[in-house]
Amino acid sequence: MVERFNVERQFRRGRANSASVEVPKLRIGFIEKRDYFDFKIDGTFSVYNDLGYVILSGVSSPIQWRIRAEDRQQAKYNYNILVGVFTKREKAAEQEYQLLEKGIGARIQKIGGKVFIKNKLINDNSEYWVLIDQLASEDEAFEFAAVNLKNCSYKIIKEKINEPHATLKLLDNELAKIGASENLIRIVPESPDIVTYIYDLSSQRALLSDKTSLAMVKGPLEFRCLDDGKIVAICEIAPEDYVANVLAQHAAAQFPDEYLKALAVCVRSRMLAGLRIKHFDEPFDLCTSDHCQFFSGQWAISKAVARAVKETAWRTLHKKNRILDAEYLPICGGFAESCSAFRELQEDSCPVVFDGEDKDVMKIYGDLSQTANLKKWLIESPQVYCNIDALPKIQLPHYFSNYFRWSIVYDRRELEELISLNMGKEIGVLYDIIPVRRSASGRIQEIEILASDTNLIVRGEKRICETLGAERELPSSCFIVEQNLDYEGFPLTFSFVGAGFGQGGGMCQAGALSQAFSGASFDKILDHYFKGTKLKKVYEV
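Residues numbered from 1 in each chain as written. Predicted model: local features only at pLDDT ≥ 70, side-chain atom pairs only at ≥ 80, totals over all residues. Heavy atoms only, no water.

**Digging into a nonpolar patch on the surface**
Note the cut-off: Candidate patch residues must exceed 30% relative accessible area and have no salt bridge, after which like charges are joined if within 9 Å and Val, Leu, Ile, Met, Phe, Trp or Tyr side chains if within 5 Å. Note on areas: Shrake-Rupley, 1.4 Å probe, and residue coverage restricted to the protein chains presented here. Here, a salt bridge means any Lys or Arg side-chain nitrogen found within 4 Å of an Asp or Glu carboxyl oxygen. Only DSSP runs of H or I covering at least 4 residues are called helices, and only runs of E covering at least 2 are called strands; the numbering of each starts at the N terminus. With a 1.4 Å probe rolled over the protein chains alone, any residue whose accessible area is under 20% of its type maximum counts as buried; one over 50% counts as exposed, and the rest are partly exposed.
Residues I434, V436 and I457 make up a contiguous nonpolar surface patch of about 220 Å² in total accessible area. By the element assignment, I457 lies in strand β29 (residues 455-459). By relative accessible area, I457 is classed as partly exposed at 41%.

**A look at the pattern of salt bridges**
Tallied over the full model, the rule gives 32 salt bridges. Across the salt bridge formed by R27 and E222, the nearest N and O atoms sit 2.7 Å from each other. You can see R27 sitting in strand β2 (residues 26-31) and its partner E222 sitting in strand β18 (residues 221-225), a full 195 residues away along the chain. An identical accessibility class is assigned to R27 and E222; each is buried. Residues E70 and K169 are paired through a salt bridge, measuring 2.8 Å at the closest nitrogen-oxygen approach. Note that E70 is positioned in strand β6 (residues 65-73) and K169 in strand β13 (residues 165-171), a separation of 99 residues in sequence. Among the ionic contacts, a cluster of salt bridges with common partners joins R27, R186, E222, R224 and E236.

**Observations concerning the sheet that holds strand β26 (residues 406-411)**
Counted only if it meets this: By the convention used here, strands pair only if DSSP detects at least 2 bridges between them. Structural elements are reduced to axes, namely lines fitted to C-alpha atoms, with helices fitted over the stretch in contact, and the angle between N-to-C directions of any two is expressed from 0 to 180 degrees.
Across the sheet, which stays open at both edges, the 3 strands sit in the order β26-β31-β30 with antiparallel pairing between neighbours. On the outer flanks of this sheet lie β26 and β30 (479-485), each paired with one strand and no other. For this sheet the average axis-to-axis angle between neighbouring strands, irrespective of direction, equals 20 degrees. In terms of strand pairing, β26 meets strand β31 (residues 491-498) through 6 bridges, oriented antiparallel.

This is the structure:
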């Protein structure tokens, strides 16, 4: 077994003694909302069950195989209310005491731990969560929060009390059963260079890659039962290879090296900062969606991407002696938000960044948390780095070209159906959508939806964009809402006029690209977006 990233105490998993492994492998989970995966292997392979016994040995067949989950039993949960996330236990204890003074029972739970590579400390990924717990259902948790946590930020989370179970069956191309196993099937190619193709992937990787229906991976591939009774495909990949493949999805011909190097540092920093935090109770380290980072497999890597990864090898951004979860987004629209603005329960990270050279520009617009100022900001075209009209005429990703400013118009009935579907309850006739709270960059952090059957409060940038969005979600929460009314004063349409694409924190990729074309070095680009951080090399190969 290859060496894994190791974390202290209960999160330490299977350290191998083999001196031949230079660095541990990451385990990357392809999560699909279904109960099967189709795949093909270009070479000889063997299949093992959950006990390590052989199901198939030395098979070489070009057919398309299927792993299917049957007899599924979902995990069972208690529901907790997460009210604070801290990197120091003392800070968590202060909030716990404040809640106890109000008569609200709370506890502190440590998540994560210290991350090591071959006994070298890379980062302390410990977090201390303040929880109000032991609620029997999600509805009960929301009701408790509505009464006792007014005007407070919180998140309902599930704590697993019973593990899931499923029988995983290996089927051939005629869907005939070849073998079965409880909860786990492991595919092991004879050679580490043999390629496995995973078919029909449907996650949000479509935003970044035209290869989204197919993932190509090398090495062992594991299928496991997830908490919801579905299955996940888990591949194993060296950390710097992971950085290269994530970076490749954002690279295009003619992109400057300094841009690629800046993004490589962000990708690596996010990778290491997320270990044992993003999926602390799952059998993999990182997932393939934007919850962690988009990853669509191991594809051909260009010379420019390989060079950027090599020249920044194991370099990461640090703040307060920890690796920073260095967010990046396609285009910020002129203001890169503080990451803590959309991670509402966490401590402050880096400040809001005006994405331009002339800060006097903002004297024209004023405080963007005020709707009138934001409207002026949105309908005009301010001189900022990510206003990319001045870039060389090269082929740019659609999310750079189309989302500096954007507008979406919904018929009222269409929007009523969307909100009802996304919220899981009928809202009736939609009267208004009111921004309750905005950040300094103009991004909405809380809205109130007024309708004939119910009024709803929705908090958090991602949740707001999902609630008001169609197939995917609104491009960003930096928007204003305008109505076209009928003669009786009822809305006929709702128009969303906005800026940017993606959650608004961290490095604006379009802005970074613009700076790189103007001659900025990668470390200067990073310093622009991540004030108060240091660039450090955490490991020597």
